[in-house]
Amino acid sequence: MTFSDLGLSEPVLKAVTEAGYVEPTPVQAQAIPYVLMGRDLLAVAQTGTGKTAGFTLPLIDILADSRARARMPGALILEPTRELADQVASSFDKYGKYTKLSKALLIGGVSFSDQEKALDRGVNVLIATPGRLLDHFERGGIMLNDVKILVIDEADRMLDMGFMPDVERIVKLLPQMRQTLFFSATMAPEMRKLTEQFLSNPKEISVARQATAAETVAQGLLRVSTADKREVLRQLIRKENVRNAIIFCNRKRDVQILWKSLEKHQFSVGALHGDMSQPARMEMLARFKAGEISILVASDVAARGIDIQGLSHVFNFDVPIHSEDYVHRIGRTGRAGAEGHAFTLATADESKYVNAIERMMGKAIPVVTLDGYEPGTEDEAPRSRDRRGRRGAAKPAAERAERAPAAPKAAERKPAAAKPAAAKAAPEREPSRPIALDEAKANRRRPRERANDEADDRPVLAFGDHIPAFLLRPVIRKSA
Ligand code: AMP
């Protein structure tokens, strides 16, 4: 199958050839003909499958003859994050270079007036995050009654981040007669319910098993003690042939700490987290893409939508608490058929999250070891090691944090290649089994909880369903 078999126009085919694509990916081969026919689409496709071109290419052809009207887009693409929206906008430029279509990008963190000017010039396609789009609508800066095609991309992410009410509001502002394309990496029952609201007799396609990690990603699980995490990570990076990598942390404060720590150890490293301004994030991303820095420490939200061609490694410094994030994280590598590597560091405390991930994927993550490294048991974890690697007395956390030689130096240890532990005794792990429905449900965050994976760093504004811990503590009466 070639791109020209799919019914795309010459200008689009020319741009595709220049992008270096030889063959359509499965999601492209399945989706493009139906989108060109005008059918609604329900696509279960994870990131890295080429889904962006799957909707952008036919969209360009469908809109090719339409006139760009000020403030009245003919197509709307909704994305959960600024980075992802920015990336779709770049794809649109890349694939639409031989057409006269115009686009506007409406994302937070950028001035309204520049976006308004772009809208005034006339737009065929609007690429937006839901919140910023509604802001423009409420200011009267945009009319949505000419939208003929709606794309809801990364719908599971929208749900995770609590954006679905905004998406539902937006959909109500659009004409009933339209074509809707809906993309999601997973299709939980609650998601299917939503699709019934948005789609009409859709063509359903699925390019990967639900919540399956890309086959081209070699995965490894490394058991570590809490106190050794940073040291083990450094060794692993040095031993692996890392060209460029993203290291994921669960919390933005840990992103900051790990970034500074790796910098101190002379790694070429940058970071992305929610507290950075949009220009600072964009600059960091540009430096990473240009190869000026080879490692990026990031949180899930900040890294969402990053597309780096040929990313060689993903490291999970923390096991993601929500299993679906594992698939999203490791999907950053092994893209479009290229081989990738994903290593996850797991403490004993994190085993429950590993089990949940393995149940979701229906298979175990192979355990790998670093020669010469044995994790202590978790009750030993707070203990430090002296320069010879002997375990010592527990020290206060503040003292433990980033002491220079917290553990034996890499050089003092045997050469440590991460190698499969198949020959070793299998660790005691629950056998993999498909996740039960109620477990899957329990494992999903409610929108309020999931609004941002950094939410626990934000101040609590109102109690809502959050009960402050002090209210739950037993009252101790003081004797008179
Ligand atoms: P996506 O899943 O849309 O984020 O795309 C993943 C990556 O695959 C992007 O870097 C695309 O440039 C690349 N890509 C998309 N389509 C193809 C194709 N047909 N052949 C090779 N690479 C592709």
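Keep in mind that this is a model prediction, so the values were computed, not measured.

Undergrad: Please explain the packing of helix 2 (residues 26-37) against helix 3 (residues 51-63) as it appears in this structure.
TA: Each packed pair of helices is defined by two parameters, the angle between the axes and the distance between the axes. The N-to-C vectors of helix 2 and helix 3 enclose an angle of 25°; their axes lie 9 Å apart at closest approach. Taken together, the axes of helix 2 and helix 3 are roughly parallel relative to one another. Regarding helix 2 and helix 3, the two cross each other, and that crossing is right-handed. Here Val-27, Gln-28, Ala-31, Ile-32, Val-35 and Leu-36 of helix 2 come into contact with helix 3, specifically with Lys-51, Ala-53, Gly-54, Leu-57, Pro-58, Asp-61 and Ile-62. A breakdown of the residues in the contact of helix 2 with helix 3 according to their chemical character gives 9 nonpolar, 2 polar and 2 charged.

Undergrad: Before we go on, may I ask you to explain the pairing of strand 8 (residues 217-223) in this structure?
TA: When you tally the buried positions in strand 8, you get 5 out of 7 residues, the bulk of the element. Pairing analysis gives 7 bridges linking strand 8 to strand 13 (residues 340-346), with the strands arranged parallel. Within the sheet, the bridge partner assigned to Val-217 lies in strand 13 and is Gly-340.

Undergrad: Help me understand unusual backbone geometry in this model?
TA: One can expect most non-glycine residues to show negative phi and most peptide bonds to be in trans. Backbone geometry at Glu-154 places phi at a positive 50°, although glycine is not the residue there. Along the chain, the position of Glu-154 falls in the loop between strand 5 (149-152) and helix 7 (155-160). The residue Asn-201 is not glycine, and still its phi comes out positive at about 45°.

Undergrad: Got a minute to help me understand the sheet that holds strand 3 (residues 103-106) in this structure?
TA: Strands in a sheet are paired, the pairing made by backbone hydrogen bonds, and the direction either parallel or antiparallel. Spatially, the 7 strands line up as an open sheet ordered 3-4-2-5-6-1-7, and their pairing is parallel. The outermost strands of the open sheet, each flanked by one partner alone, are strand 3 and strand 7 (203-206). Averaged over all pairs of adjacent strands, the angle between their axes in this sheet comes to 10°, without regard to strand direction. Where strand 1 (residues 41-44) lies against strand 6 (residues 179-184), 4 bridges are found, and the strand directions are parallel. When the sheet's bridge partners are listed, Val-44 is paired in strand 6 with Ser-184. Along the sheet, helix 3 contacts strand 2 (75-78), strand 4 (125-128), strand 5 and strand 6; its crossing angle with strand 6, the most-contacted strand, is approximately 170°.

Undergrad: Can you walk me through the packing of helix 5 (residues 112-121) against helix 6 (residues 130-138) in this structure?
TA: Axis separation between helix 5 and helix 6 bottoms out at 12 Å; the angle between their running directions is 75°. In this view, helix 5 runs roughly perpendicular relative to helix 6, as classed from their interaxial angle. Where helix 5 abuts helix 6, its residues Phe-112, Gln-115, Glu-116 and Leu-119 lie against Arg-132, Asp-135 and His-136. Residue classes in the contact of helix 5 with helix 6 are distributed as 2 nonpolar, 2 polar and 3 charged.

Undergrad: When you look at the packing of aromatic side chains in this model, what are you seeing that I'm missing?
TA: Any aromatic ring pair is given by two values, namely how distant the centres are and how the planes are angled relative to each other. Applying the stated rule across the entire model yields 4 aromatic pairs. The interplanar angle of 35° and the centroid separation of 6.2 Å between the aromatic rings of Phe-182 and Phe-198 together place this pair among those described as tilted. Residue Phe-182 is located in strand 6, and its partner Phe-198 is located in helix 9 (residues 189-198); the two are separated by 16 residues in the primary sequence. Note on accessibility: Phe-182 and Phe-198 belong to one class, buried. Here the basic side chain of Lys-260 rests over the ring of Trp-259, its NZ or CZ set 4.0 Å away from the ring centre. The ring of Tyr-353 carries the charged tip of Lys-352 above its face, separated from the ring centre by 4.9 Å.

Undergrad: It is not clear to me how helix 3 should be interpreted in this structure. Could you clarify?
TA: Given 3.6 residues to a turn, an α-helix orients residues that are three or four positions apart in the same direction. Under the 1.5 Å per step criterion, the end-to-end length of helix 3 is 19 Å for 13 residues, consistent within 8% with the ideal 18 Å. Counting buried residues in helix 3 gives 11 out of 13 residues, a clear majority hidden from the surface. Among all positions in helix 3, only Lys-51, Ala-53, Gly-54, Phe-55, Thr-56, Leu-57, Pro-58, Leu-59, Ile-60, Asp-61 and Leu-63 are buried.

Undergrad: I would appreciate a short explanation of the sheet that holds strand 9 (residues 245-248) in the present structure.
TA: Spatially, the 6 strands line up as an open sheet ordered 8-13-12-9-11-10, and their pairing is parallel. Strands at the two margins of the open sheet, each flanked by one partner only, are strand 8 and strand 10 (269-272). Put simply, the sheet's adjacent strands are angled 20° from each other on average, direction ignored. Direction of pairing for strand 10 relative to strand 11 (residues 295-298): parallel, over a ladder of 4 bridges. Looking at the pairing, Val-269 lines up with Ile-295 of strand 11. Where helix 11 (residues 252-264) meets the sheet, it contacts strand 9, strand 10 and strand 11, and its direction lies at approximately 170° from that of strand 10. Across the sheet, helix 12 (residues 278-289) is in contact with strand 9, strand 10 and strand 11; its angle to strand 10 comes to roughly 140°.

Quick notes on the rules
- Residues numbered from 1 in each chain as written.
- Predicted model: local features only at pLDDT ≥ 70, side-chain atom pairs only at ≥ 80, totals over all residues.
- Heavy atoms only, no water.
- Axes fitted to C-alpha atoms, helices over the stretch in contact; angles between N-to-C directions.
- Helix = DSSP H or I, 4+ residues; strand = E, 2+ residues; numbered from the N terminus.
- Parallel < 35°, antiparallel > 145°, perpendicular 65-115°, else oblique.
- Left-handed = near helix turned anticlockwise from the far one by under 90°.
- Contact = heavy atoms within 4.5 Å.
- Nonpolar A, V, L, I, M, F, W, Y, C, P; charged D, E, K, R; others polar.
- Buried < 20%, exposed > 50% of the residue type's maximum accessible area, 1.4 Å probe, protein only.
- Pairing = 2+ DSSP bridges.
- Phe/Tyr/Trp six-rings, centres within 6.5 Å; stacked < 30°, edge-to-face > 60°.
- Lys NZ or Arg CZ within 6 Å of the ring centre and 35° of its normal.
- Expected span 1.5 Å × (residues − 1).

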